[in-house]
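Each chain is listed here by its residues.
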Amino acid sequence: MNLNGKCVLVGVTGGIAVYKVCELVSSLKKQGAEVHVAMTANATEFVSPLTFETLSNNRVVVDTFDKNREWEVEHVSLAKKADVCVIAPCTADFAGKLASGIADDFLSTTVMACVCPILLAPAMNTNMLNSKAYRANEKTLAERGVHFVPTESGLLACGDRGDGRLADPKAIEKCVIDLLYPRKDYVGKTVLVTAGGTIEPIDPVRFICNRSSGKMGVAIAKAAADRGADVILVCGNIAVNADDKRFTRINVQTTEEMYDAVIGNCLKADVIIKAAAPCDFRPSAISSEKIKADGSITVELEKTPDIAAAVGKIKGDRKLVVFAAETNDTEENARKKLKKKNADMVVANDVTKEGAGFGTDTNIATLITQKNIERLPVMSKSALADIILDRIIRE
């Protein structure tokens, strides 16, 4: 990829992973980008500014009141110049400052002034990564349009094992390039996505439902549209904004209505992604009047149509992706589902894990195909959506 004419601002915050960012700066520079580095004072305790100055061929700024600064208001001039801003490693402290609108040093004031895409590559202890405070800040930033590079799992500097390692420099570089040159690898393809739960009425005021929010399905639909796909979104009961003029949106309530919408449109699609959680059972009889609450009642249930299995029988060479939300034996149950539904991929997750349940903004998924199994760390649902679309193309 030729990055000639592109300006990348690399913000470096304090963490042992700073040394990895040297590789990132060097690679971006070799591809022709104009690279400017800004560091926090803590970052200079791990790698000296001189190292980044040598790699970038530009002066590194740390202190807002640097006496050698240019006559311009430098944090504003850098913010205006940058085509993309990447913070690597991004500490929990810096993410919190950014989420709270705190600008008390050169790097934070520069990022605050940026109007270009902002990409954070977090690196921190697993417990910090999964803390309520950090997750709240991550959610706030994501809602403002800030992008994230998922962390990696492994041995951490503190000796713990788990999520929180800085992503590989090549993975960060790929995200930078994607922001500079958005992928359009789904142009000419139609992607059908289902999202949310279905409701099955018991009487005119009561119904059976589940905890699905629709966040994962809507994230996939938006990511597919970003990458050029024509998107058909079949929406059940959702708790997220799915308004997007790029979608052909079909609203349904019951599982049978979702079945009809999916079967009626799946042959128009190249890829069908069943991210919804339709009810597997419904009352065998629906009362036409509200059932009085003055005694006990028995509700008999019957099976609803199996949408994924029906698609699997008629999909031909289309790609079918299904989700498996499990509470035990996740991978074993997902493999069974892959075969039973004649799917090409199962996205499995244990909903009992923190950060992976219904209604969350993050997920912890395992991608299973006939040939491969890929266990992913906790990440935002938007990041997972892009990974799913990447693997569909690769498969």
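Residues numbered from 1 in each chain as written. Predicted model: local features only at pLDDT ≥ 70, side-chain atom pairs only at ≥ 80, totals over all residues. Heavy atoms only, no water.

## As for empty space enclosed by the protein
Turning to step 1, where the next piece is worked out: For the coordinates displayed, the defined rule picks out two cavities of 30 Å³ or more.
Turning to step 2, where the next piece is worked out: What the largest cavity holds in volume is close to 80 Å³.
Turning to step 3, where the next piece is worked out: Together, 13 residues line the largest cavity, and Glu138, Pro150, Thr151, Val378 and Met379 are the ones closest to its centre.
Turning to step 4, where the next piece is worked out: Of all elements in the fold, only helix 7 (132-143) and strand 21 (379-380) reach the threshold of two or more residues within the lining of the largest cavity.
Turning to step 5, where the next piece is worked out: When grouped by side-chain class, the residues that make up the lining of the largest cavity number nine nonpolar, two polar and two charged.
Turning to step 6, where the next piece is worked out: Across the lining of the second largest cavity, the residue classes break down as two nonpolar, two polar and four charged. (1 Å grid on protein atoms, 1.4 Å probe; cavity = no way out; pocket = protein on both sides within 12 Å on 5 of 7 lines; lining within 4 Å. Points joined across faces, edges and corners; volume = space filled by probe spheres on them. Helix = DSSP H or I, 4+ residues; strand = E, 2+ residues; numbered from the N terminus. Nonpolar A, V, L, I, M, F, W, Y, C, P; charged D, E, K, R; others polar.)

## Notes on unusual backbone geometry
Turning to step 1, where the next piece is worked out: A cis geometry characterises the amide bond from Ala88 onward to Pro89, with omega recorded as -10°.
Turning to step 2, where the next piece is worked out: Structurally, Pro89 is set in strand 3 (residues 84-90).
Turning to step 3, where the next piece is worked out: Here the phi dihedral of Asn57 falls at roughly 60°; this positive angle occurs in a residue that is not glycine.
Turning to step 4, where the next piece is worked out: One non-glycine residue, Asn342, lies in positive phi territory at about 55°.
Turning to step 5, where the next piece is worked out: Residue classification places Asn342 among the partly exposed positions, given a relative accessible area of 41%. (Buried < 20%, exposed > 50% of the residue type's maximum accessible area, 1.4 Å probe, protein only.)

## Things to note about the layout of surface pockets
Turning to step 1, where the next piece is worked out: Each pocket or cavity is described by its volume, and for the second largest pocket that value is around 890 Å³.
Turning to step 2, where the next piece is worked out: What lines the second largest pocket is a set of 42 residues, and nearest its centre among them are Ala276, Ala277, Pro278, Phe323 and Lys337.
Turning to step 3, where the next piece is worked out: Of all the elements in the fold, those that place two or more residues in the lining of the second largest pocket are helix 9 (215-226), strand 15 (301-303), helix 11 (307-314), strand 16 (319-326) and helix 12 (330-340).
Turning to step 4, where the next piece is worked out: Per-element accounting of the lining of the second largest pocket gives the leading share, five residues, to strand 16.
Turning to step 5, where the next piece is worked out: When the residues that make up the lining of the second largest pocket are grouped by side-chain class, the tally is 20 nonpolar, 12 polar and 10 charged.

## Section: the pattern of salt bridges
For side chains of opposite charge, pairing can occur when their charged atoms come near one another.
Turning to step 1, where the next piece is worked out: Counted under the stated rule, the structure contains 24 salt bridges.
Turning to step 2, where the next piece is worked out: Ionic pairing is found between Lys97 and Asp104, a salt bridge with its closest N-O pair at 2.7 Å.
Turning to step 3, where the next piece is worked out: In this structure Lys97 comes out as buried when scored by relative accessible area, which is 12%.
Turning to step 4, where the next piece is worked out: The residue Arg249 makes a salt bridge to Asp243 at a minimum N-O spacing of 3.3 Å.
Turning to step 5, where the next piece is worked out: Members of the salt-bridge network, linked through shared partners, are Lys174, Asp178, Arg183, Asp185, Arg227, Asp386 and Asp390. (Salt bridge = Lys/Arg side-chain N within 4 Å of Asp/Glu carboxyl O.)

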